[in-house]
Amino acid sequence: MSSFDQDAAPKDVVIHYDVPCALSDGTVLRADVARPAGEGRWPVILARTPYGKAVAPGFTTDLTHGARHGYVTIIQDVRGRGTSDGKADFQPWVDEGQDGAEAVEWAAALPYSNGKVYMSGPSYLGFVQWAAAAEQPFSLQAINPIVPVGWFNRSFIYCGGVFELELNGYWWTMIGVEALMRRDWDSPEAKGAAVGRAGGALETLARDGGYDHLPLGRFEPAASSVQGAQLFDLLEKRADDPSMKASTRANEYENITVPALIVAGWYDIFIRGSIDQFVGMRARGGSEAARQKSRLIVGPWAHHPQSKMTGEQISPGSAAIQALNPFGHMGLAARYFSELDDADNAEAPIKIWVMGANRWRDEQEWPIARTIVTPCYLSSGGKANSGQGDGVLSLRQDGGGPPDAFVYDPANPVPTRGGAVFGVSCVPGGSDQNVIEKRDDILVYKSDILEQDLEVTGTPIVELWVTTDMVDTDFVARLVDVHPDGTARLITDGIIRARYRDNPDDLTHQAAPLEPGKPYLLRIELLPTSNLFKAGHRLQLDVTSSCFPRWARNLNIWDEWGGTLADAKVAHQQVLHDEAHPSRVLLPIIPAAS
């Protein structure tokens, strides 16, 4: 990709505020528009937000940035949000396909548009792009979803069949703040009181115990938020819910005929969905352009790509983005859009940041073709509990030893520490796990000190042989990079709810109870990652049964949504690793360059 030519950029910008967009049902949406000054017609970059166009995240906070790249840049409030009409109509996710497609054609018809429309934006603003693209509006040329929401069963609502509690408890409460304000839009006193109540609800979540509320089917404060009813409808109806149908539709890649530049982060809550979307587009996109010209960039960041903190570490954050383009996300988008018609563009379809090595690298496919899937086996003398235990992670299967046992008490779950999290109570990134590895309900398996660098890039899979005395329970696995000074950085993790072990991505599939005491093989898909474990470091795998409040704790009973702590049971877990039950982690190893 060539660099943006600053000398050729427009120096003056004109901004139009609250430009109306009338939809076919009569609803009027409103947008702010920035364009190069003077006479002319330019391509359009459209972003659509539920967060209020005046405070929308990402590049859209500065409309002039896009205009100075030679684009008409539009940020539009979605139906029922911000300055747009439809006060009582806002249902997150549900209307974004049709509304987005109509907004694309409206943007194409503006007097200063050349008829070519692109879309960009992060998170929910990424979802609306997929939703609009699935409707195939004629004027849409390409999309640029940044840390986008993926298919709900694998990204946003569930992970391994387990409810993403911290994310959803926060988001559905937060998204109701403006809805409360709109009820009394013309009354400053009532609006102030509503904001105060909503702020108090978010503050409650941020406190210790803020996510403790049970039953989950009436989780507060989400249950009392304006949008809360929609969340609980989604959890109850699942595939039949309008929100889930919208998510499924937006991820049907056969219907998407425009290419996508997907920007993701290794510690972003939606990393699995972002990778799924790229792989889906390259394999099943609805046109040759969608399949051949879609691109993926994965950086070292969490859900806010500009952030310079991941865990206790200083992250390259925006510096890593600027290493690709000095103008950041807008520069990446503008360059990608401008070169789509360049037949000689030999740009690699993938750019990944290899953590540990701390550098960008081009790749041609995902999973990487030269990957060597390498099993590492768990073993111990039966006392792998805590970081002081005798758990071993080895390339050799040496009999494995007696099983390791721990007690999982839902009243005392393992606290979330780092990872791909988003909310008000947890900090994302590669946090040091030593703080929680003092607990006996965490099994710790360590490799020997590495004699040479070892790169893991891809999706690690943990195959865990377990027994329990419950009809249902959870198992969590974490891949950790242990530094020479003992710091244990979380690289990636995953979870599985045992009742969904046969197909954790399809919760309409018949759930199957466990038979107490019977060995079961559980496959835990960790989130995709890329990390160079350096010589002198150790690989480590942690196994436990909770990660709270990131994931809803399993009460070890069959009633997922109606149970309370009074109903909860204490589970006695075992991890087997003998010759008949070889528990192991399958690591996607990238061979060192010769």
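What counts and what doesn't
Residues numbered from 1 in each chain as written. Predicted model: local features only at pLDDT ≥ 70, side-chain atom pairs only at ≥ 80, totals over all residues. Heavy atoms only, no water. Phe/Tyr/Trp six-rings, centres within 6.5 Å; stacked < 30°, edge-to-face > 60°. Helix = DSSP H or I, 4+ residues; strand = E, 2+ residues; numbered from the N terminus. Buried < 20%, exposed > 50% of the residue type's maximum accessible area, 1.4 Å probe, protein only. Lys NZ or Arg CZ within 6 Å of the ring centre and 35° of its normal. Axes fitted to C-alpha atoms, helices over the stretch in contact; angles between N-to-C directions. Parallel < 35°, antiparallel > 145°, perpendicular 65-115°, else oblique. Contact = heavy atoms within 4.5 Å. Nonpolar A, V, L, I, M, F, W, Y, C, P; charged D, E, K, R; others polar. pLDDT = per-residue confidence, 0-100. Salt bridge = Lys/Arg side-chain N within 4 Å of Asp/Glu carboxyl O. Pairing = 2+ DSSP bridges. Disulfide = S-S within 2.5 Å.

Enquirer: Just checking my understanding: could you explain the packing of aromatic side chains for this structure?
Expert: Two descriptors summarise a pair of aromatic rings, namely the distance from one centre to the other and the angle between the planes of the rings. Summed over all chains, the structure comprises 25 aromatic pairs. Taken together, a centroid distance of 4.4 Å and an interplanar angle of 20° make the contact between tyrosine 118 and phenylalanine 337 stacked. Here the residue tyrosine 118 occupies a position in strand E5 (residues 113–122), and phenylalanine 337 occupies one in helix H11 (residues 328–338), the gap between them amounting to 219 residues. Assessed through its relative accessible area of 7%, tyrosine 118 is described here as buried. Look at phenylalanine 337 and you get buried, because its relative accessible area is 2%. Seen from their ring centres, tyrosine 170 and phenylalanine 422 are 5.7 Å apart, and the 75° between their planes marks the pair as edge-to-face. Pair noted here: tyrosine 170 is in helix H4 (residues 165–183) and phenylalanine 422 is in the loop between strand E17 (404–408) and strand E18 (443–446), with a separation of 252 residues, a long-range link. An aromatic cluster of three or more residues is present, and its members are Tyr51, Trp93, Tyr124, Phe127, Phe152, Phe156, Trp171, Trp172 and Phe270. The lysine or arginine in question, arginine 553, covers the ring of phenylalanine 548, its NZ or CZ lying 4.6 Å from the ring centre.

Enquirer: Quick question: what am I supposed to make of the packing of helix H3 (residues 124–133) against helix H7 (residues 242–250) here?
Expert: Packed helix pairs are specified by the crossing angle of their axes together with the interaxial distance, meaning the distance between the axes. In contact at an axis separation of 8 Å, H3 and H7 are set at 70° when each is read in the N-to-C sense. For the element pair H3 / H7, the angle class is roughly perpendicular. In this structure, H3 contributes Phe127, Trp130 and Ala131 to the contact, and H7 contributes Ala246, Ser247 and Ala250. Here the residues of the contact of H3 with H7 sort into 5 nonpolar, 1 polar and no charged.

Enquirer: What is the right way to look at the confidence of the model for the protein in this model?
Expert: Low pLDDT means the predicted coordinates in that region are not meant to be read closely. Considering every residue of the protein, the mean pLDDT works out to 91; 92% of them sit at 70 or more. Here residues 1–6 is modelled with pLDDT under 50, and outside its nearest four sequence neighbours on either side it reaches 14 contacts, counting other chains as well. Under a pLDDT of 50 for its full length, residues 57–61 has, in the predicted model, 14 contacts with residues more than four places off or in other chains.

Enquirer: I tried to follow the pattern of salt bridges on my own but got confused; where do I start?
Expert: Close approach of charged atoms lets side chains of opposite charge pair. Summed over the entire model, instances satisfying the criterion amount to 31 salt bridges. Glutamate 347 is paired through a salt bridge with lysine 351; the nearest N and O atoms lie 3.1 Å apart. Of the two residues, glutamate 347 and lysine 351, both sit in the buried class. Where glutamate 560 meets arginine 499, a salt bridge forms, and the shortest distance between an N and an O atom there is 3.6 Å. One end of the pair, glutamate 560, is in the loop between strand E25 (538–544) and strand E26 (571–576); the other, arginine 499, is in the loop between strand E22 (488–497) and strand E23 (520–525), with 61 residues separating them in the sequence. For the pair glutamate 560 and arginine 499, one class covers both residues: buried.

Enquirer: Quick question: what am I supposed to make of the pairing of E26 here?
Expert: The side chains of a regular strand alternate between both faces of the sheet. Where E17 lies against E26, 5 bridges are found, and the strand directions are antiparallel. Paired with valine 407 across the strands is histidine 572, a residue of E26. When strand E20 (residues 461–467) meets E26, the two strands line up antiparallel, connected through 3 bridges. Its bridge partner lying in E26, threonine 467 is registered against glutamine 574.

Enquirer: Help me out: how do you make sense of the state of the cysteines in this one?
Expert: Simply put, disulfide is the name for a covalent bond between the sulfur atoms of two cysteines. Within the structure shown, the criterion is met by 0 disulfides. Lacking any disulfide linkage, cysteine 159 is separated from the closest cysteine sulfur, that of cysteine 547, by 9.7 Å. Of the cysteine sulfurs around cysteine 426, a residue in no disulfide, the closest is that of cysteine 547, at 7.3 Å.

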